[in-house]
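Structural features, examined
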Amino acid sequence: QVQLVESGGGLVQAGGSLKLSCASSGRAFSRYGMAWFRQVPGKEREFVAAISYSSTYADSVKGRFTISRDNAKNTVYLQMNSLKPEDTAAYYCAARLLSVRSMVPREYEYWGRGTQVTVSS
């Protein structure tokens, strides 16, 4: 069983930055594919970024967000710069037991409870 705990969300003005963290309890963390998704009420969960041995991003965040991982700390990060009001959402960390990136939510076996990011205009 893998537990994921997100932190770092909050309220920020447009143009500002936040850094989200996701701590994992899994002992094989370095072999997990990790990702960030986001969701607003009434909409489907949306892919943001994923990382295994390389990373990939949604077009809407490319150039502004950076996903990274520290395998020694069992933690994945999402650095979010130049935030926009449309980035407002609950952000979820996800893990899959394959060291392959995926943009599809159902391919991830484990999820955190989410952290809220609110960007004011």
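What counts and how
- Residues numbered from 1 in each chain as written.
- Predicted model: local features only at pLDDT ≥ 70, side-chain atom pairs only at ≥ 80, totals over all residues.
- Heavy atoms only, no water.
- Pairing = 2+ DSSP bridges.
- Helix = DSSP H or I, 4+ residues; strand = E, 2+ residues; numbered from the N terminus.
- Axes fitted to C-alpha atoms, helices over the stretch in contact; angles between N-to-C directions.
- Buried < 20%, exposed > 50% of the residue type's maximum accessible area, 1.4 Å probe, protein only.
- Contact = heavy atoms within 4.5 Å.
- Core = buried A, V, L, I, M, F, W, Y, C linked by side-chain atoms within 4.5 Å.
- Salt bridge = Lys/Arg side-chain N within 4 Å of Asp/Glu carboxyl O.
- Polar contact = N/O pair within 3.5 Å; in protein donor to acceptor, adjacent residues only side chain to side chain.

1. Examining the sheet that holds strand β8 (residues 75–80)
In any sheet, the strands associate via hydrogen bonds between backbone groups, in a parallel or an antiparallel arrangement. Ordered in space as β1-β3-β8-β7, the four strands form an open sheet in which the pairing is antiparallel. The strands lining the two open edges of the sheet, one partner per strand, are β1 (4–7) and β7 (65–70). Pairwise comparison of adjacent strand axes, ignoring direction, gives a mean angle of 15 degrees for this sheet. As paired elements, β7 and β8 share six bridges and run antiparallel to each other. Following the sheet pairing, D70 is matched in β8 by T75.

2. Digging into the environment of A50
Turning to its location among the elements, A50 is positioned in strand β5 (residues 46–51). The exposure class assigned to A50 is buried, which follows from its relative accessible area of 0%. Not counting the four nearest positions on each side in its chain, A50 is found in contact with M34, A35, S55, T56, I67, R101, S102 and Y108.

3. Points about the nonpolar core
M34, W36, V76, L78, M80 and Y91 are the most contacted members of the largest nonpolar core, which has 36 residues in total. Residues within four places of V76 in sequence aside, it is in contact with L20, S21, C22, F29, M34, W36, I51, I67, S68, R69 and C93.

4. A short note on the pattern of salt bridges
Applying the stated criterion across every chain, the model contains five salt bridges. Residues R38 and D87 are paired through a salt bridge, measuring 2.9 Å at the closest nitrogen-oxygen approach. Of this pair, R38 sits in strand β4 (residues 33–39) while D87 is found in the loop between β8 and β9 (89–96), placing the two residues 49 residues apart along the sequence. Comparing R38 with D87, the two get one shared label, buried. Between D87 and R64 there is a salt bridge, with the nearest N and O atoms lying 2.8 Å from each other. Pair noted here: D87 is in the loop between β8 and β9 and R64 is in the loop between β6 (55–57) and β7, with a separation of 23 residues, a long-range link. Overall, the relative accessible area of 0% leaves D87 in the buried class. A single network of salt bridges, built from pairs that share partners, joins R38, E46, R64 and D87.

5. Let's talk about the side chain of T115
Note that T115 resides in strand β11 (residues 115–120). Separated by 3.2 Å, the side chain of T115 and the backbone nitrogen of G9 make a polar contact. In contact with T115, not counting residues within four places along its chain, are E6, S7, G8, G9, L20, A89, A90 and Y91.

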